[in-house]
Amino acid sequence: MAERRLRIALAGNPNTGKSTVFNALTGLKQHTGNWSGKTVGNAVGRFSLGDWEVDLYDLPGIYSLFSESAEERAAKDFICYEEPDITVVVLDATSLERNLPLGLQIMELTKNVVFCLNLTDEAEKKGISIDHKRLQETTGVPVIPMAAREGIGLTELKRMLLGIAEGHRRIHPKGIDWSFAPDTEEGYLSEEFRENRSLAFLERSKEICKKVVRKKEERDRFTEKLDKIILSRKTGIPIMLLLLGGVFWITVTGANVPSDLLMRAMNHWGEVLRNGLSSLGAPFWLESLLMDGVYLTVSWVVAVMLPPMAIFFPLFTLLEDFGLLPRIAFNLDGLFQRAGAHGKQALTMSMGFGCNAAGVTACRIIESPRERLIAILTNNFVPCNGRFPTLILLAGIFFAQGNPAAAGAFVFLLIVLAVMITLLVSFVLSKTLLKGMPSAFVLELPPYRRPQIGQVILRSVLDRTIFVLGRAVTVAIPAGAVIWFCQNVEIGGYTMLYGLTVLLEPLGSLMGLSGVILTAFLLGIPANEIVIPILLMVYSQSGMLVEAEGISQAGAILAANGWTWMTAVCTILFSLNHFPCATTLLTIRKETGSWFWTGVSFLLPTVVGIFLCMTANLLMKMAVLIF
């Protein structure tokens, strides 16, 4: 018997619980927020429905089919040209009048439409009741009341979908009155028609809601009270800084022990692999290339990247699930507007603290191409978790004398500096290379919700941590081989690494650094985590990456090679402002589709970093001479 397949599209406004419905139907733990850009493309899941195998397409969360953002185009094109067998429109029961116009628009494009009236439990708490039977009679499409987070209504939805697929349920949508439609083809292109069309759907939605929605005068006092504090001009920004600072502190302190354990485990497995290669009679150079080059580099990337990401991403997602991230965007919107950028850049920037590649991908949520490009080009100005080890180590050695609390406070000040530089560069770009006015955007503030901790951990690990780590390892494998060749292959009696350091020495001296430090950053392009190990490798004249046993030993090695507090300042500035890692560059190429903008994203932070280092070096030398 041939397999029976069914294609179902899932559409709806942002924050209606659409992805939660998707997860409940398919069993995939699709990320449920709208702030990381993951539903700008169509997510696809599968599930069985009777004898049918269903492909379920989670379309981007949109407000209308008539605007021209990337999300609207993706959803409209899929419904019009891909012609799904059934389209399920997820409606928010707490704000039906705002959600219903999209459902009415989809009814005009396709006949097999089902309304999924989600969040009925939250509506009930707010004193909102909806006569779903009358809504069904008025629109002519089936209406299924649901509370997807609790699993309520899923059985009824599946039963309805099966009935439509089997032909037992016929749908006859009742569309809007098109009496305003023009008589000529040119009339359909006029601004007047577009305005009348939008008004017709809004008026129809208002008319229906008057019949089916009943409200009691009950308010969400918890949300109101908390918003008075979180959204206040006086307390909003400080609370946001404390929250983000807390996330960073937990990430930094919590990652130390698992990183150490993971590195020990990787070293143990490395010895096992090395013994295995020796027993197979592998040549010494091949064994050294594979173990001291490729494996050691991958070990560093995994051991240093995995624990911070496994802590940061779940914490970040908890803030998202609770409803705080949209409010952070609201608080920072004014700053980014004055910088000529988009308010949502605050969210993509925050994602960059975990991983700049993830932050670049998150820029998909910005509708304006100009502002999306500004967000992409400036995301690397905030330090990712790969740069935190360098910042923390140098802060601890030169400015905190090994005090973890003082080092954490110093790094937090660096984060504030990074945000200021991001705003300044965004402003310059908006006035020069990417001129334009900042656009307005609809920012929906969902009610505060209790996060589903189990799902948060699973989603964060699968959707973000493993994904980003996989990209980093893919880049680290060939990079490890390149680093090994640079340190072990000699040309004219000198290693390639030595030649590179000599070449970069004049520029390094002007920047308050050295040729060795610039070489470490350049060879660290696969992953920022390996910059310090490369430095220690060169200083110890070893043929492989080196790990210092404690902060004091690292400080002694650096001091023995001419490092001062001024060197540390310039190195920190360049760590904050230099070219993106290879993973981020590949992501930028994929997101922009342009090698030109990928090149700009490489040069922009590098030029800023060189300028800041040269300026700081000059000012510090003048201060030393004067005082």
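Model, not experiment: these values are computed from the prediction.

How should the nonpolar core be read in this particular structure?
Generally speaking, nonpolar side chains in soluble globular proteins are found buried as a group. L377, I534, L535 and W563 are the most contacted members of the largest nonpolar core, which totals 115 residues. For this core, the element with the highest residue contribution is helix α10 (residues 284-322), accounting for 15 residues. Setting aside residues no more than four positions away along its own chain, L377 makes contact with L429, L434, W597, V600, S601 and L604. Grouped together as the second largest cluster of nonpolar side chains are 61 residues, W52, L91, I106 and L135 included.

For this particular structure, what's the right way to read the environment of I534?
Counting through the fold element by element, I534 comes out in helix α20 (residues 531-539). What makes I534 buried here is its relative accessible area of 1%. Along the sequence, I534 and I517 sit 17 residues apart, while their C-alpha atoms lie 9.0 Å from each other.

Mind showing me how you'd approach the packing of aromatic side chains here?
Between two aromatic rings, the relevant description is the distance of the centres plus the angle of the planes. One pass over the structure, following the stated rule, counts twelve aromatic pairs. A centroid spacing of 6.0 Å and a plane angle of 35° characterise the contact between F180 and F193, whose relative ring orientation is tilted. With F180 in the loop between α6 (154-165) and α7 (191-212) and F193 in helix α7, this pair connects stretches of sequence that are 13 residues apart. Among the residues examined, F180 registers a relative accessible area of 22% and is labelled partly exposed. In this structure F193 comes out as buried when scored by relative accessible area, which is 6%. Plain terms: the ring middles of F521 and F574 are 5.1 Å apart, the flat faces sit at 85° to each other, and that makes the pair edge-to-face.

I tried to follow the environment of V473 on my own but got confused; where do I start?
Structurally, V473 is set in helix α17 (residues 453-488). Sequence separation between V473 and T297 is 176 residues; the distance between their C-alpha atoms is 9.0 Å. When sequence neighbours within four positions are dropped, the list of residues in contact with V473 reads V298 and V302.

Quick question: what am I supposed to make of the packing of helix α19 (residues 515-523) against α20 here?
Relative orientation and spacing of two packed helices are given, respectively, by the angle between their axes and the distance between those axes. Here α19 crosses α20 at 135°, and the two axes come no closer than 8 Å. On the basis of their axis angle, the class for α19 and α20 is oblique. In this structure, α19 crosses over α20, and the sense of that crossing is right-handed. Counting all contacts with α19, which are made through V516, I517, A520, F521 and L523, the residues of α20 involved are V531, I534, L535, V538 and Y539.

Which parts of the structure should I look at to understand a nonpolar patch on the surface?
There is a patch of nonpolar side chains on the surface, built from L618, L619, M622, L625, I626 and F627 and spanning about 780 Å² of accessible area. Checked against the element boundaries, M622 lands in helix α24 (residues 595-626).

Hey, could you run me through the sheet that holds strand β4 (residues 86-92) in this one?
Either a parallel or an antiparallel arrangement is found when strands of a sheet pair, and the pairing is made through backbone hydrogen bonds. Taken together, six strands build an open sheet; the order of strands is β2-β3-β1-β4-β5-β7 and the sheet is mixed. Looking at which strands have only one partner, the edges of the open sheet turn out to be β2 (43-49) and β7 (143-145). If you compare each strand with its neighbour and ignore which way they point, the axes differ by 25° on average. As judged from the seven bridges shared by strand β1 (residues 4-12) and strand β3 (residues 52-58), these two strands associate in the parallel manner. Directly across from R5, in β3, lies its bridge partner E53. Sitting on the sheet, helix α1 (residues 18-26) is in contact with β1, β2, β3, β4 and β5 (113-118), with an inclination near 45° to β2.

Criteria and cut-off values
- Residues numbered from 1 in each chain as written.
- Predicted model: local features only at pLDDT ≥ 70, side-chain atom pairs only at ≥ 80, totals over all residues.
- Heavy atoms only, no water.
- Core = buried A, V, L, I, M, F, W, Y, C linked by side-chain atoms within 4.5 Å.
- Buried < 20%, exposed > 50% of the residue type's maximum accessible area, 1.4 Å probe, protein only.
- Helix = DSSP H or I, 4+ residues; strand = E, 2+ residues; numbered from the N terminus.
- Contact = heavy atoms within 4.5 Å.
- Phe/Tyr/Trp six-rings, centres within 6.5 Å; stacked < 30°, edge-to-face > 60°.
- Axes fitted to C-alpha atoms, helices over the stretch in contact; angles between N-to-C directions.
- Parallel < 35°, antiparallel > 145°, perpendicular 65-115°, else oblique.
- Left-handed = near helix turned anticlockwise from the far one by under 90°.
- Patch = residues over 30% accessible without salt bridge, like charges linked within 9 Å, V, L, I, M, F, W, Y side chains within 5 Å.
- Areas by Shrake-Rupley, 256 points an atom, 1.4 Å probe, with all protein chains shown as cover.
- Salt bridge = Lys/Arg side-chain N within 4 Å of Asp/Glu carboxyl O.
- Pairing = 2+ DSSP bridges.

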